[in-house]
Amino acid sequence: MRHFWPFILLSLWLAACDSTTVPSSDAALNAVSATDLPRPKILLIVADDLGWADLNCYGNPLIKTPHLDELARKGVQFMQGYASAPLGSPSRASLHTGLYPARLGLTNDVAAGEKGLRTGTETLAELVGRAGYKTAQIGKWALGAQPADHGFAESFAAGAVRQPQSFYHPFFEGEPFPDLLAATQEGDYLPDALTDHALGLLDKWQNDNWFISLNFYAPHLPIEGRKDQVTAYRQLIDSTHWRKFPTVEYAAMVSVIDENVGRLMAALKAQGQLDNTLIVFVSDNGGLHVAGPEGQERHTPPTDNGILRAGKGSLFEGGIRIPFIVHYPAATKSTQASHIPVIGTDIFPTVCEVLGRQDYSPSPDGRSLLPLLRGEEVPERTLYWHFPHESPQGGRPAAAARRGGFKIYADLRTDSVFYYNLRQLPDESLRMATPPKEVNLLEDLRAWQGEVGARTRVR
């Protein structure tokens, strides 16, 4: 599979540079300030362990994702979008707060019964709630406490449990979500059920402003595709040729996510709200590239993250680079593919800008994405990661920083540092012989670690 990726990467680069995808000067001039627009509906869709290279619009030659491809074509597809952590809980905490995990003191997955995200840290739900929005958390939460403790007026199938026992009804062991069981029956598939609930809220709230955080639990373990999609992929592969990655079951899971995104887009279009809905689609971290733990090995490893090195649990690119799509036609007249690095902490300030809010706690770790939607130039910045843990996937305690095309990877176990030129070798297959002269990444990283109070190695 990997020998296809140089050609795929080249085609993606050419597509990004095509004149039809770069906003014209007229489009940039005609872009409307977010404060001049009616306040949008806001839909945050978070996939679970979806790899950077696992959508068709990101170059996957097998997985069919027509609805997400359309979202990317008509919005902004960020080719260098990042999660703020290589695991779900810290990454999700950043999505909801606009703060780096190290600043939050939440750098590892939150187990059931652990405290998780501290109350008192302003979240997206609290921000938009003060602006009069209705709020709902649907699906995976994984941040300790309950969504209601962080501003969500409604929640569905959301709590401390991080993964289902099966993606088919009754889904979870021990019945942790009675609301989910009451709304479903034998044979139902979890992402479909979560989307059904979201569609119900779209109908119920169509005359209100709302923020819905929809979290599919998929394509996380257990790798279990919906049966009709599995059958379709087996027939497709049998009629072409066998591929090791992604696995059939994983591909089927991703296509179900895409199918449900299409259902949401169709509902918003029918309501006349699609253009004035801010839709953000991301994954919480990179794809799982190793075998699952005992009892969950079936159909694993499910993916390989394309050309990127490693995967979930690692601060190499495969663990933190993710699909990252923003669709908000009302705020811009252009469509584009962007190679500007962006990160999950950018979502909070983006929402702040679309609301025109001044009475919020500004994010020191993110910046609004709206200028990029308008085709504007933005100053270069440094992105940071701090992960002082051994991950279940074999990742090492590490910290990292990226500025421009240069990246530093600091191994916290050996206190050694390595430099990479991602523009030349995005697969991190060869280290730079000397540090880049253009920027002192080691000094910047150490200063940032001190500023946020980054902890040294912990569990």
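Let us look at the structure shown here. Note that the coordinates shown come from a computational prediction; the quantities given were computed from them, not determined experimentally.

On to unusual backbone geometry. In most cases, non-glycine residues show a negative phi, while peptide bonds are predominantly trans. Cis geometry is found at the peptide bond from L221 to P222, where omega equals -5°. In this structure, P222 sits in the loop between β6 (210-215) and α9 (227-239). The residue after T300, namely P301, is reached through a cis peptide bond having omega -5°. Relative to the assigned elements, P301 resides in the loop between β7 (277-283) and α11 (317-320). Phi is positive for A142, which is not a glycine, with a value near 60°. Residue A142 is classed as buried on the basis of its relative accessible area of 1%. A positive phi angle, close to 60°, is found at D415, a residue other than glycine. Residue class for D415 comes out exposed when judged on its relative accessible area of 67%.

By size, the foremost hydrophobic cluster in this structure holds 108 residues, and its most contacted members are F281 and F324. With twelve residues, helix α10 (residues 248-270) is the single largest residue contributor to this core. Those residues in contact with F281, other than ones at most four positions away along the chain, are I45, A47, L50, L55, L68, L71, I257, V261, P323, F324 and I325. Grouped together as the second largest cluster of nonpolar side chains are 29 residues, L87, Y409, V439 and L441 included.

Our next topic: the sheet that holds strand β9 (residues 324-327). One open sheet holds the eight strands; their spatial order is β5-β4-β6-β1-β7-β9-β2-β10, and the pairing between them is mixed. Looking along the sheet, the strands with just one partner apiece sit at the ends: β5 (154-156) and β10 (336-338). Neighbour to neighbour, the strand axes of the sheet diverge by 10° on average, direction disregarded. Alignment of β7 against β9, held across four bridges, turns out to be antiparallel.

Let's shift gears to the packing of aromatic side chains. Using the criterion set out here, one finds 14 aromatic pairs in the structure. Pairing W141 with F152 gives two aromatic rings, centres 5.9 Å apart and planes at 85°, and the pair type is edge-to-face. Within this pair, whereas W141 is found in the loop between β4 (134-139) and β5, its partner F152 is found in the loop between β4 and β5, the two being separated by eleven residues in sequence. The interplanar angle of 65° and the centroid separation of 5.2 Å between the aromatic rings of F172 and Y217 together place this pair among those described as edge-to-face. Pair noted here: F172 is in the loop between β5 and α7 (178-183) and Y217 is in the loop between β6 and α9, with a separation of 45 residues, a long-range link.

On to helix α14 (residues 441-452). With twelve residues, α14 extends 16 Å between its outermost C-alpha atoms, agreeing within 8% with the 16 Å of an ideal straight helix rising 1.5 Å per residue. Residues of α14 that are buried: L441, L442, L445, W448, Q449 and V452. Considered in projection along α14, the buried side chains sweep an arc of 130° and stay on one side of the axis. Across from the buried face of α14, at angles greater than 90 degrees, the exposed residues are E443, R446, A447 and G450. Those residues of α14 hidden inside the fold are in contact with α5 (101-104), β12 (382-387), β13 (398-403), β14 (406-411) and β15 (416-421). A positive backbone phi angle near 70° is found at G453, which sits one or two residues after α14.

With that out of the way, let us pick up the packing of α9 against α10. Where α9 contacts α10, the two axes come as close as 8 Å, and the packing angle between them is 120°. On the basis of the axis angle, α9 is oblique to α10. The interaxial crossing formed by α9 with α10 has right-handed handedness. On the side of α9, the interface is formed by Q229, V230, Y233, R234 and I237, while α10 contributes V248, E249, A251, A252, S255, V256 and E259. Classifying every residue of the contact of α9 with α10 gives seven nonpolar, two polar and three charged.

To continue, consider the side chain of N215. Along the chain, the position of N215 falls in strand β6. Look at N215 and you get buried, because its relative accessible area is 2%.

To continue, consider the packing of helix α8 (residues 190-204) against α10. Where α8 meets α10, the closest approach of the two axes is 10 Å, and the angle between their N-to-C directions is 10°. Considering the angle they form, α8 stands roughly parallel to α10. For the pair α8 and α10, the contacting residues are P191, D192, T195, D196, A198, L199 and L202 in the first and V256, E259, N260, R263, L264, A267 and L268 in the second. In the contact of α8 with α10, the residues fall into eight nonpolar, two polar and four charged.

Parameters at a glance
- Residues numbered from 1 in each chain as written.
- Predicted model: local features only at pLDDT ≥ 70, side-chain atom pairs only at ≥ 80, totals over all residues.
- Heavy atoms only, no water.
- Helix = DSSP H or I, 4+ residues; strand = E, 2+ residues; numbered from the N terminus.
- Buried < 20%, exposed > 50% of the residue type's maximum accessible area, 1.4 Å probe, protein only.
- Core = buried A, V, L, I, M, F, W, Y, C linked by side-chain atoms within 4.5 Å.
- Contact = heavy atoms within 4.5 Å.
- Pairing = 2+ DSSP bridges.
- Axes fitted to C-alpha atoms, helices over the stretch in contact; angles between N-to-C directions.
- Phe/Tyr/Trp six-rings, centres within 6.5 Å; stacked < 30°, edge-to-face > 60°.
- Expected span 1.5 Å × (residues − 1).
- Arc of directions from axis to C-beta.
- Parallel < 35°, antiparallel > 145°, perpendicular 65-115°, else oblique.
- Left-handed = near helix turned anticlockwise from the far one by under 90°.
- Nonpolar A, V, L, I, M, F, W, Y, C, P; charged D, E, K, R; others polar.

Shape descriptors only; they carry no functional weight alone.
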